[in-house]
Amino acid sequence: MKKNNWIAAGALALVVLASPSWAAVSVKEADRLKGELMPLGGERAGNGKDIPPWRGGLTLPPLEYQEPGQHHVDPYPQDRPLFEITAANMEQYADHLTEGQQAMFRKYPDTFRMPIYKTRRTAAAPEWVYENTYKNAIRAELGGDGNALLYAYGGIPFPIAKTGLEAIWNHVTRWRGIYLTRRASELAVHKDGDYSLVTVQQEVEFNYYRRDRTIEDLDNVLFYYLSFTKAPARLAGGAVLVHETLNQVDEPRQAWGYNAGQRRVRRAPNLAYDTPIAAADGLRYADDTDMFNGAPDRYDWKLVGKREIYIPYNNYRLSAKDVSYDDLIQPGHLNPDYTRYEKHRVWVVEATLKEGRRHVYQRRVFYLDEDTWGIAVADQYDAAGELWRVSMAYIKTYYELPVTWTTMDVFHDLKAGRYHLQGLDNEEQGTIDYSQEPPGERYFTPAELRRRGRR
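Model, not experiment: these values are computed from the prediction.

Peer 1: Any details on the overall build of the protein? Residues and values, ideally.
Peer 2: Regarding its fold elements, the protein presents seven helices and 19 strands. In terms of overall dimensions, the protein is globule-like: its C-alpha atoms have a radius of gyration of 21 Å, near the 23 Å expected for 455 residues. If you line up the protein on its principal axes, its C-alpha atoms span 60 × 60 × 50 Å. Looking at the 455 residues of the protein, the share that counts as buried comes to 61%. Contacts spanning at least 24 positions in sequence make up 67% of the contacts within the protein whose residues lie at least 6 apart. Counting only carbon and sulfur atoms, one obtains 49% of the accessible surface of the protein, whose full area is about 18,400 Å². Positive and negative charge centroids in the protein, built from 58 and 62 side chains respectively, lie 3 Å apart.

Dropping the structure here:
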C-alpha cells in the first residue's frame, strides 16, 4: 500500500481547506466523558425504570472460563425472560421496536418472538481505549466531504457525535480488539429451513488499535482481513485478503482473491458497496457486512436522535457450545428460544441515497448501541421505498479482553422469506481467540495469500 502522505500535517491542512470538515469538540465538552457520559460517549445514567446506570461493564470472566478462545460461559445463567413480544402484543411495545422488527412480526406472526430480558449494560473496553477516545474527542476531524477520518487513533473518534457521519464513523472504527483468529461458518437459509454451510478460517488485525502505532504510522489502514474457506470441498482452498482503508474515496480498499483451482491471486477491485457476496446466496452485499462498512460517500447521513429500543444483547446462549446449528436454524429466522433482547438506548442514523448515485438500498436506518457505537439493527429499503431487509447483530461482551461485539449477524430478506447468517461457531472447537500477538502488515500480503493457499 502506498505511503499515506495525506496524513502528514501539511497535506491534512490542504484537505481540510479544500473541502468541508467536521471539527473536534472543546476540552470542556470532552470533559463530559469523565462525568455525565461514559468514556465512549453513552449516558452513564439509566432511565430510572428499566435501563440501569452504566457502572463499568463486564470486565472479568466467570470462574468457569479457563482459557482464551474457548466458548463463552454465560455470566447470567439465572436470567429468565421478563416477558415476550409477539405478533399478538407488538402494538403494545411499538414505541420500542424498529420498523424492521415490526415487519418481522407481520411476516412470521406464528413463529417470530422476542424474549425480553433484564437490561445489563455489560459494554466495556480497556482503559487505554477510553484514554484515546478522550484524546480523539478534542482532535479528530472529518475531511473530504466527511469521507476521510483525520487525527484519530486507537479509540472512538467522535464520542460526542454531532452528525450522522460522525456516528457512522464511530461504528466503522469502534473497538473490536487488536488481533483475532476464528473458525466460523455462514449459511443461507431457504424458505423451508434447509441450508448448507460455508466454513472459513478468519484472521483480522485492527491496525487502528495497534498500541505500538501512532497516527502517523497508520498509513491509511484501518484493518487487515484474511479469510480461507475450509468447507464445503468444492470451495475449500479459496481465500480473500482485504486492506481496509480509513479514506476509501481517495484510496479505496484493496482486496485480492485466491483461486485454489488455478493457484492464482487476483485483484478484487469491486468488493465494495452493493457487490453481492457469493457465499450469501444474494442475501448480503459487501457493505452489509458488520451491519455497515466501507466508504460512506454514496449516502447523505442524518443523526435522527436517540431512542429506547429492544435490541439483541448478551446473547451467550445463542453461541453456546451445547447448542447445535440445527437447534438454531428454522424457517424465516433464528429459533427465538435461544435469543435475548434487552432495552437499550440507541442512536438512530438515517442514510439516504444521494441524487445521481447508485445502490440497491435507497434508504437505510441504523440503530447504534449508545454504549459501544455498534449497529445493533439495520432497516433497509429498496428503490421504491419499501422495507426490504432487516439485519440484526446479536451482541455479547467478550469479557476476556474486554470488547463488546457481535457473536453472529443475521440478514433477513422480507420479500424472499430467506435469511443469511454469519458467525456461527457453536460446533467448532472454540470461538474468537484474542490471545495471539498481531503478526503485522507483512503477513497480510498477496504473496502470503498465495503461499498459504498452496499449503
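Peer 1: If you had to explain unusual backbone geometry to someone new, which residues and values would you point to?
Peer 2: With an omega of 5 degrees, the peptide bond between Ala231 and Pro232 qualifies as cis. Turning to its location among the elements, Pro232 is positioned in the loop between strand 7 (221-231) and strand 8 (239-245). Of note, the amide linkage connecting Leu401 to Pro402 takes the cis form, showing an omega dihedral of -5 degrees. Checked against the element boundaries, Pro402 lands in the loop between strand 17 (387-398) and strand 18 (403-413). Not every positive phi belongs to a glycine, and Asp145 is a case in point at roughly 60 degrees.

Peer 1: Requested: an account of the environment of Asn426, with residues and values cited.
Peer 2: By the secondary structure assignment, Asn426 is in the loop between strand 19 (418-424) and helix 7 (446-453). Asn426 sits 81 residues away from Arg345 along the chain, and the two C-alpha atoms are 29 Å apart. Setting aside residues no more than four positions away along its own chain, Asn426 makes contact with His71, Leu318, Ser319, Ala320, Lys321, Val323, Tyr325, Leu328 and Met408. A polar contact is formed between the side chain of Asn426 and the backbone oxygen of Leu318, at a distance of 3.0 Å. Polar side-chain contacts of Asn426 include one of 2.9 Å to the backbone oxygen of Ala320.

Peer 1: Please provide a residue-by-residue account of helix 5 (residues 164-172), values included.
Peer 2: Within helix 5, nine of the nine residues are buried, which leaves the element mostly enclosed by the surrounding structure. Residues of helix 5 that are buried include every one of Gly164, Leu165, Glu166, Ala167, Ile168, Trp169, Asn170, His171 and Val172, and no others.

Peer 1: Could you give an account of the packing of aromatic side chains, naming the residues involved and the relevant values?
Peer 2: Within this structure, the stated rule accounts for 26 aromatic pairs. Ring geometry for Trp301 and Phe366: centres 6.0 Å apart, planes at 20 degrees, overall stacked. Placement of the pair is Trp301 in strand 11 (residues 299-312) and Phe366 in strand 15 (residues 363-369), with a sequence separation of 65 residues. Taking relative accessible area as the criterion, Phe366 reaches 0% and is therefore assigned buried. Here the aromatic residues Trp128, Tyr153, Trp175, Tyr208 and Tyr209 are joined through ring pairs into a cluster of three or more. Above the face of the Tyr134 ring, Lys34 is positioned so that its terminal group lies 4.1 Å from the ring centre. A cation sits over an aromatic face here: Lys396 above Tyr398, 5.1 Å from the ring centre.

Peer 1: Give a detailed account of the pattern of salt bridges, specifying residues and quantitative values.
Peer 2: One pass over the structure, following the stated rule, counts 36 salt bridges. Put simply, Asp290 and Arg176 hold a salt bridge, and the shortest N to O gap is 2.9 Å. In this pair, Asp290 is assigned in the loop between strand 10 (264-267) and strand 11 and Arg176 in the loop between helix 5 and strand 5 (179-189), connecting sequence segments 114 residues apart. Arg176 carries the same exposure label as Asp290, and that label is buried. Between Glu448 and Arg451 there is a salt bridge whose closest N-O contact spans 2.5 Å. Placement of the pair is Glu448 and Arg451 together in helix 7, with a separation of three residues, close to one helical turn. The class for Glu448 is buried, based on a relative accessible area of 12%. One connected set of salt bridges, linked through shared partners, spans Glu43, Arg121, Lys306, Arg345, Glu370 and Asp371.

Peer 1: Talk me through the nonpolar core; I want residue IDs and the actual numbers.
Peer 2: Leu149, Tyr208, Trp301, Phe366, Leu368 and Ile375 are the most contacted members of the largest nonpolar core, which totals 55 residues. The element that contributes the greatest number of residues to this core is helix 5, accounting for five residues. In contact with Tyr208, other than residues within four places in its own chain, are Asn136, Leu149, Ala152, Tyr153, Gly154, Gly155, Pro157, Thr173, Leu218, Val221, Leu222 and Leu246. By size, the runner-up hydrophobic cluster in this structure holds 45 residues, among which are Leu97, Ala320, Leu328 and Val377.

Peer 1: Give a description of the pairing of strand 7 that names residues and reports values.
Peer 2: Across the eleven residues that make up strand 7, a large majority, eight, are buried. Strand direction decides the pairing type here: strand 7 and strand 8, joined by seven bridges, are antiparallel. From the neighbouring strand, Leu226 faces strand 8, where its bridge partner is Leu241.

Peer 1: Give me the lowdown on the layout of surface pockets, citing residues and values where you can.
Peer 2: In this structure, the second largest pocket occupies an estimated 240 Å³ of space. Here the lining of the second largest pocket is composed, by residue class, of six nonpolar, five polar and seven charged.

Here is what the cut-offs are and how they apply
- Residues numbered from 1 in each chain as written.
- Predicted model: local features only at pLDDT ≥ 70, side-chain atom pairs only at ≥ 80, totals over all residues.
- Heavy atoms only, no water.
- Helix = DSSP H or I, 4+ residues; strand = E, 2+ residues; numbered from the N terminus.
- Rg over C-alpha atoms; globule rule 2.2 N^0.38 Å.
- Buried < 20%, exposed > 50% of the residue type's maximum accessible area, 1.4 Å probe, protein only.
- Contact = heavy atoms within 4.5 Å.
- Areas by Shrake-Rupley, 256 points an atom, 1.4 Å probe, with all protein chains shown as cover.
- Lys, Arg positive; Asp, Glu negative; His and termini not counted.
- Charge placed at Lys NZ, Arg CZ, Asp CG, Glu CD.
- Polar contact = N/O pair within 3.5 Å; in protein donor to acceptor, adjacent residues only side chain to side chain.
- Phe/Tyr/Trp six-rings, centres within 6.5 Å; stacked < 30°, edge-to-face > 60°.
- Lys NZ or Arg CZ within 6 Å of the ring centre and 35° of its normal.
- Salt bridge = Lys/Arg side-chain N within 4 Å of Asp/Glu carboxyl O.
- Core = buried A, V, L, I, M, F, W, Y, C linked by side-chain atoms within 4.5 Å.
- Pairing = 2+ DSSP bridges.
- 1 Å grid on protein atoms, 1.4 Å probe; cavity = no way out; pocket = protein on both sides within 12 Å on 5 of 7 lines; lining within 4 Å.
- Points joined across faces, edges and corners; volume = space filled by probe spheres on them.
- Nonpolar A, V, L, I, M, F, W, Y, C, P; charged D, E, K, R; others polar.

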